[in-house]
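An overview of the molecular structure
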Amino acid sequence: MKKALLLVILLLNLSTAFSQEWETDFEKAKELATEENKPIVLVFQGSDWCAPCIKLDREIWSTEVFKDYALDNYIMLQADFPRKKKNALSETQSKANAKLAETYNRNGIFPFVVVLDSEGKVLGKTGYKKSTPENYIKELNALIE
């Protein structure tokens, strides 16, 4: 019984270790993008109120196809704007996300996806589209080239 439990815990830890990493710190994302020579995919979302944001997460970001590809090819940066009190961000994170929105999402579009180089220069923009993870990856890559 102990061995089975240990195996389950080990497998859960492994799946977490290989899951997609979402950065929330813009400066850290830029550093990683420079170190790893990857573009930044900045996602503006309202995780608890924006229906297209939730669809984008379910249909693209949360899929194994996208997570596996993103791990090797992108720095994923999340700027979330939740409305429910239980999902509230820290004041520091809220201010950081608002600053990102001032710079990259002045029209307040949700979801809004901005592809950036390691210095924060905009390479392209997109949003929610009914798509497959494979086609969404192609669209993101077309913005980078």
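Figured I'd write up the structure that's included with this text. (Residues numbered from 1 in each chain as written. Predicted model: local features only at pLDDT ≥ 70, side-chain atom pairs only at ≥ 80, totals over all residues. Heavy atoms only, no water.)

1. Some points on the packing of aromatic side chains
The relative placement of two aromatic rings is captured by the distance of their centres and the angle of their planes. What counts is decided by this rule: Stacked, tilted and edge-to-face are the three classes assigned to paired rings of Phe, Tyr and Trp, where Trp is represented by its six-membered ring and a pair needs centres within 6.5 Å; plane angles under 30 degrees give stacked, over 60 edge-to-face, the rest tilted. Segments assigned H or I by DSSP are reported as helices when at least four residues long, segments assigned E as strands when at least two residues long, and all are numbered from the N terminus. A 1.4 Å probe rolled over the protein chains alone gives each residue an accessible area, and that area as a share of the maximum for its type sets the label: buried under 20%, exposed over 50%, partly exposed in between. Both a distance and an angle decide whether a charge sits over a ring: NZ of Lys or CZ of Arg must be within 6 Å of the ring centre and within 35 degrees of the ring normal.
Across all of its chains, the model carries 10 aromatic pairs by this definition. Centre to centre, the rings of tryptophan 61 and phenylalanine 66 are 5.0 Å apart; their planes meet at 65°, and the pair counts as edge-to-face. Judged by centre distance (5.6 Å) and plane angle (85°), the rings of tryptophan 61 and tyrosine 136 are edge-to-face. Of this pair, tryptophan 61 sits in helix H3 (residues 51-61) while tyrosine 136 sits in helix H6 (residues 133-144); the two residues are 75 residues apart in sequence, bridging distant segments of the chain. Both residues of the pair, tryptophan 61 and tyrosine 136, count as buried. A connected cluster of aromatic rings, assembled from ring pairs, spans Trp22, Trp61, Phe66, Tyr69, Tyr74 and Tyr136. The residue whose ring lies beneath arginine 83 is tryptophan 49, and the NZ or CZ to ring-centre distance is 3.6 Å.

The analysis is restricted to geometry; functional conclusions fall outside its scope.
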